[in-house]
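Given next are the chains, with one letter for each unit.
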Amino acid sequence: MSEFEPKIVAFCCNFCAFAAADLAGAMRLQYSPSVRIIRLPCTGKVDALYLMKSFEDGADGVFVAGCLEGQCHYLEGNLRAKKKVAYVKRLLAEVGIEPERVEMFNLSSAMGGRFAEIVEEMTERIKKLGPVYKDGQKESVSS
Amino acid sequence: MIVADRKPLEEILESIKDFDKIVLMGCGGCVTICFSGGAKSVELLASQIKIARKKQGKEIEIIECTPERQCEFEYIDPCKEKFESVPVVLSIACGVGVQTMNERHPDTITIPGLNTKFMGYPVEHALWEERCAGCGNCLLEWTGGVCPIARCAKKLLNGPCGGSSDGKCEVDKEIDCVWQIIYDRLKKLNKLENLTAVRKPKDWRTSTSAGQRKVEFKEAML
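**Student:** Tell me about helix 3 (residues 77-94) of chain A, residues and numbers included.
**Tutor:** Residues and elements named next belong to chain A. For helix 3, with 18 residues, the first-to-last C-alpha span of 26 Å sits near the 26 Å given by 1.5 Å per residue. Turning to helix 3, its buried residues are Gly-77, Asn-78, Ala-81, Lys-84, Val-85, Val-88, Leu-91 and Leu-92. Buried positions in helix 3, seen along its axis, are confined to an arc of 120° and lie on one side of it. For helix 3, exposure combined with an orientation more than 90 degrees from the buried face picks out Lys-83, Arg-90 and Ala-93.

**Student:** Quick one: what's the story with the domain arrangement of chain B, residue by residue and with numbers?
**Tutor:** Here the domain parsing of chain B yields domain 1 (2-117) and domain 2 (133-209). For domain 1 of chain B versus domain 2 of chain B, the separation of C-alpha centres amounts to 37 Å.

**Student:** Explain the environment of Leu-195 of chain B to me, using residue names and the numbers behind them.
**Tutor:** All names here are of chain B. Here Leu-195 is to be found in the segment after helix 8 (178-188). A tally of 18 C-beta atoms within 10 Å means that Leu-195 is categorised as partly exposed. Separated by 52 residues in sequence, Leu-195 and Thr-143 have C-alpha atoms that sit 8.1 Å apart. Beyond its immediate chain neighbours, meaning those up to four positions away, Leu-195 contacts Gly-159 and Leu-186.

**Student:** Can you lay out the pairing of strand 7 (residues 127-132) of chain B for me, pointing to particular residues and giving the numbers?
**Tutor:** Across five bridges, the pairing between strand 6 (residues 114-124) of chain B and strand 7 of chain B is antiparallel. The residue of strand 7 of chain B that forms the bridge with Glu-124 of chain B is Leu-127 of chain B.

**Student:** Quick rundown of the sheet that holds strand 3 (residues 61-65) of chain B? Include the residues and the values.
**Tutor:** All names here are of chain B. The parallel open sheet is built from four strands, whose spatial order is 3-2-4-5. Edge positions in the sheet fall to strand 3 and strand 5 (109-112), since each of these pairs with one other strand and no more. When strand polarity is set aside, the average angle formed by the axes of neighbouring strands in this sheet is 30°. Helix-sheet contacts for helix 3 (residues 39-56) involve strand 2 (21-25) and strand 3, and the interaxial angle to strand 3 is about 175°.

**Student:** Break down the interface of chain B and chain A for me, with residues and values.
**Tutor:** Taken together, the contact pairs twelve residues of chain B with 15 residues of chain A. Broken down by element, the side of chain B that touches chain A gets its largest block of residues, nine residues, from helix 3 of chain B. A per-class count over the side of chain B that touches chain A returns four nonpolar, three polar and five charged.

**Student:** Got a sec to walk through the pairing of strand 1 (residues 8-13) of chain A? Specific residues and values, please.
**Tutor:** Note on strand geometry: in a regular strand, side chains alternate between the two faces of the sheet. Residue and element names in this part refer to chain A. Counting buried positions along strand 1 yields six of six residues, so the element is predominantly enclosed. Side-chain alternation along strand 1 places Ile-8, Ala-10 and Cys-12 on one buried face and Val-9, Phe-11 and Cys-13 on a second face that is also buried. Looking at chain direction, strand 1 and strand 2 (residues 35-40) are connected through six bridges and run parallel. Considered in strand 2, the bridge of Cys-12 is made with Arg-39. Between the parallel pair strand 1 and strand 2, the chain is carried across by helix 1 (residues 17-26), and the sense of this crossover is right-handed. In this sheet, strand 3 (residues 61-66) lies alongside strand 1 in parallel orientation, the contact comprising five bridges.

**Student:** Which residues make up the confidence of the model for chain B, and what are the values?
**Tutor:** The predicted model of chain B averages 96 in pLDDT, with 100% of residues at 70 or higher. Interface scoring of the predicted complex returns ipTM 0.91; its pTM is 0.92.

Calculation rules
Residues numbered from 1 in each chain as written. Chains lettered and ligands numbered in written order. Predicted model: local features only at pLDDT ≥ 70, side-chain atom pairs only at ≥ 80, totals over all residues. Helix = DSSP H or I, 4+ residues; strand = E, 2+ residues; numbered from the N terminus. Expected span 1.5 Å × (residues − 1). Buried ≥ 20, exposed ≤ 12 C-beta atoms within 10 Å, placed from the backbone. Arc of directions from axis to C-beta. Domains from an automatic or database assignment. Contact = placed C-beta atoms within 7 Å. Pairing = 2+ DSSP bridges. Axes fitted to C-alpha atoms, helices over the stretch in contact; angles between N-to-C directions. Nonpolar A, V, L, I, M, F, W, Y, C, P; charged D, E, K, R; others polar. Right-handed = clockwise from strand over helix to strand, strands pointing away. pLDDT = per-residue confidence, 0-100.

Spelled out as structure tokens, the structure:
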């Protein structure tokens, strides 16, 4: 059996994490291909439902990456996202999914290296936890 | 407004364990405001149920709908085609909504997903407190607009009990003694004489003690 490759969805703020991911690419930094990035105008746009739907559709881990606290382009979008992530942790725990599978990170657009680190950190964490849906539960999960 | 709280997910999953297709019905009224039964709550609960069932290896199809109000026939009837072929509706409206559904559409069983709690208002964002017990005989006039029926554990009518200490209730130190609030309020209004009259025991027949209550407005009846 091949090694488990997690599927991780990253909701990234246009002004920081997305730019940092871009910078990581420009810097030729290597990081796990497990991550799928979704660009948002601000992490304040994150909805608890986006995070839940990701898990529903087969993601093994999800993270939200926004600006450093106090540096949100829209003042407090990242603080709102932090609350939503905390809420989703509770919703996940209720359905028997480890809350650590969803996380909030803060970084600036200059932190390309940090972005690569975050991806590695989440990939390692999810690899340890294993897939959300075990064999036999997986047939219906879209890829 | 009516304030309700979602039942534990385990209890909800147990109640729908025999079904592989359900309708999940919210309500656009009070329970939307208290974040327990609106369109957003419907989507989130549906997602939770689907994930839980996928983990059990038993998929479920969920049809979502959220009428403007679930407590009136006019609003639930347009959703009829959604639940016509489905044996069970999981309702996250208040108890009135659940019963309206069961009475209007007896061929479909509607089960509750919320625990309906009280009539109250948001004292701050996302925090609701009980304010009215619907006793059927309002006494707010002489208590300075603060209700001892809804807010006193003993529903006292003639001042606080011995358990009132430093403005807090003996039931829980987090709860304000409502009689302290009433006293302070009346003092401020210069109406402390309201408390000198002895209030006779309340007639609870206007509350739930004399069976189901009704209100009718004859001239408006069709």
